[in-house]
Amino acid sequence: MTMPQAETAAPAIRERPAAHALIAWLERQARRNPDKVFVHAIDQRAALTYGEAWTAAGRIGRALAARGLGPGGRVALLANNSIAQLMTYLGVMVRGAAVCTVHVEMNARHLAEIVGALRAPLALYEEGLGLEAMAGEADGEWLALGGADGFFAGLDAGEDGPVDPENGPGDIASIFYTSGTASKPKGVVCSFAELVDNVTPTADAFGIAEADRVLDFRSYSWMSAQVLSFLGVLAKGATLCMARRFSRSRYFDWVRDYEVTIGVCNPTAINMFVNRPVPVRGADLPHLRFMTSSSAALMVADWRAFEEMYGIPVAQGYGSSETGWIAGSNERTRRMGSVGRPFAYQNLAIVDAAGRPLPPGKIGAVELGRAPDNAFRYLAEDGGIRVNAVGRMRTGDLGYLDRDGYLHVTGRAKDLIIRGGVNIAPAEIDNLVLGMAEVAEAAAVGVPDPIYGEEVAVFVVPRRPGALTGAAVLDHCSRVLPEAKMPKEVIFRDALPKTRRGKMDRGALAAAWAAARAGTS
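In what follows, the accompanying structure is described. (Residues numbered from 1 in each chain as written. Predicted model: local features only at pLDDT ≥ 70, side-chain atom pairs only at ≥ 80, totals over all residues. Heavy atoms only, no water.)

1. Some thoughts on the environment of alanine 444
Following the sequence through the fold, alanine 444 ends up in strand S25 (residues 439–449). Note: C-alpha distance between alanine 444 and threonine 178 (266 residues apart in sequence) is 25 Å. (Helix = DSSP H or I, 4+ residues; strand = E, 2+ residues; numbered from the N terminus.)

In structure tokens:
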């Protein structure tokens, strides 16, 4: 990636309002460390410095200004991980406009509908993703990323530095779509205030500092990666090492070659490392402080197995698309089985069905509330904004706070098993069964029962075929669980279904159980 170098001799850094924090962070790093690498794009074999990022953001901002795009103006960004994608994402928001990121592969079935709802006068897309036909037919201006200028055609090559943004805290900073693996994808609307408020607590919780080099392979079409490893890195003046996608065989080579200090990961990848080991130990990677895990629950058995196998600490984090990151931890603050302490500003509470706060150790709904008038919003099909909740909102997860204030997420509310009035978190059964050395995977689901309403069935993948019996699983569970929580059926499988984002698909398991009882499978 070739960009003009920013001048190293620059005027003092300006004081800017909180709503303009993104440009303030970028300016601070570009003035202080213009030659420091901001982003290593591993697959592109390219790098961008903070000085070059300052120049790029300015060129993008002036191109948007020439098109009349400022606060409230929407720019659709349909691309995979690359320097061009990240700089366009940042450049749009530094201008004060709204960047609308869409994961093309995940949202392929609904792409035309999504583009229609965004009503973006400008769409920037990556070539090679099958979008050329849509670009030729859709309304608005469509431009391909990666032109001769490195980003998109029509960039102004004038003076360095971004145009001063004009956005306020309540203006839309980003719109991004959920994966839509179990239902129709939703467009989550995030203001500049909401975005900025989430970045620094997230970076602090994961212990990101200026000297860190953070490796991430997750999609920057979603807020999780955007906030943690891009904007968090920017705010702290660290370096991002970005891959296009996960590679089990190359991940630790990247850690070694780029002297990575924090390796971002997820439960699916960690389980792959456990079940298909690679020849590496933490002692071989002296720069690596720890690895993260988020996006889904990491089973305690898998967590322990990874750390025993590799000698590398794992620290969990937790969030949701609608609320951003909620909790996080690092190698100093982590606690086995926990996702870390919740951020103070999220005002997290564990509540019962009536919304009453529960004491430590009691499982209930995870509820957030940042301000009395704080609205959680989605994009409507007609391009307008639909308010989902105001003030407080439940994430859809269940969990509890321990006596030290650490959050433990036990599962999704929709997956809760209710047997004769007794609430059973599937993760409790999962973790117990995964404690057996012969078990590779396990997932408990609620199945219909004429007397109790639901009973517990547990699906199990043995490490070796025939190495385990249902009676042995039930005997193991009976040593810990009361009768009311005991599985009544053990079903062996060669593999368990996952969503495209790697989460256990309990709905598919329940459907398979029902189909088998109906004699259709």
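Moving on, there is more to tell.
2. Considering the nonpolar core
Ranked by internal contacts, the top residues of the largest apolar core, which has 74 residues, are Phe38, Met87, Leu90, Leu195 and Phe230. Those residues in contact with leucine 195, other than ones at most four positions away along the chain, are Leu22, Tyr89, Met93, Ala173, Cys190, Met223, Val227 and Leu231. (Core = buried A, V, L, I, M, F, W, Y, C linked by side-chain atoms within 4.5 Å. Buried < 20%, exposed > 50% of the residue type's maximum accessible area, 1.4 Å probe, protein only. Contact = heavy atoms within 4.5 Å.)

3. Some thoughts on the packing of aromatic side chains
Considering all chains together, one arrives at 17 aromatic pairs under this definition. Taken together, a centroid distance of 5.4 Å and an interplanar angle of 15 degrees make the contact between phenylalanine 38 and phenylalanine 230 stacked. You can see phenylalanine 38 sitting in strand S1 (residues 37–41) and its partner phenylalanine 230 sitting in helix H7 (residues 223–236), a full 192 residues away along the chain. The burial state of phenylalanine 38 is the same as that of phenylalanine 230; both residues are buried. Arranged with centres 6.1 Å apart and planes meeting at 50 degrees, the rings of phenylalanine 246 and tyrosine 251 form a pair that is tilted. Among the aromatic side chains, those forming a connected cluster through ring pairs are Phe217, Phe246, Tyr251, Phe252, Phe273, Phe306 and Tyr310. We note arginine 419 situated over the ring of tyrosine 452; from NZ or CZ to the ring centre the distance is 3.8 Å. (Phe/Tyr/Trp six-rings, centres within 6.5 Å; stacked < 30°, edge-to-face > 60°. Lys NZ or Arg CZ within 6 Å of the ring centre and 35° of its normal.)

4. Structural notes on empty space enclosed by the protein
With the rule as written, the count across this model stands at 2 cavities of 30 Å³ or more. Within this model, the second largest cavity holds a volume of roughly 30 Å³. Taken together, Ala19, His20, Leu22, Ile23, Met93, Val94, Pro165, Asn167 and Phe192 make up the full set of residues lining the second largest cavity. Contributing elements (two or more residues each) for the lining of the second largest cavity: helix H1 (21–32) and helix H3 (83–95). Residues of the lining of the second largest cavity, tallied by class, amount to 7 nonpolar, 2 polar and no charged. (1 Å grid on protein atoms, 1.4 Å probe; cavity = no way out; pocket = protein on both sides within 12 Å on 5 of 7 lines; lining within 4 Å. Points joined across faces, edges and corners; volume = space filled by probe spheres on them. Nonpolar A, V, L, I, M, F, W, Y, C, P; charged D, E, K, R; others polar.)

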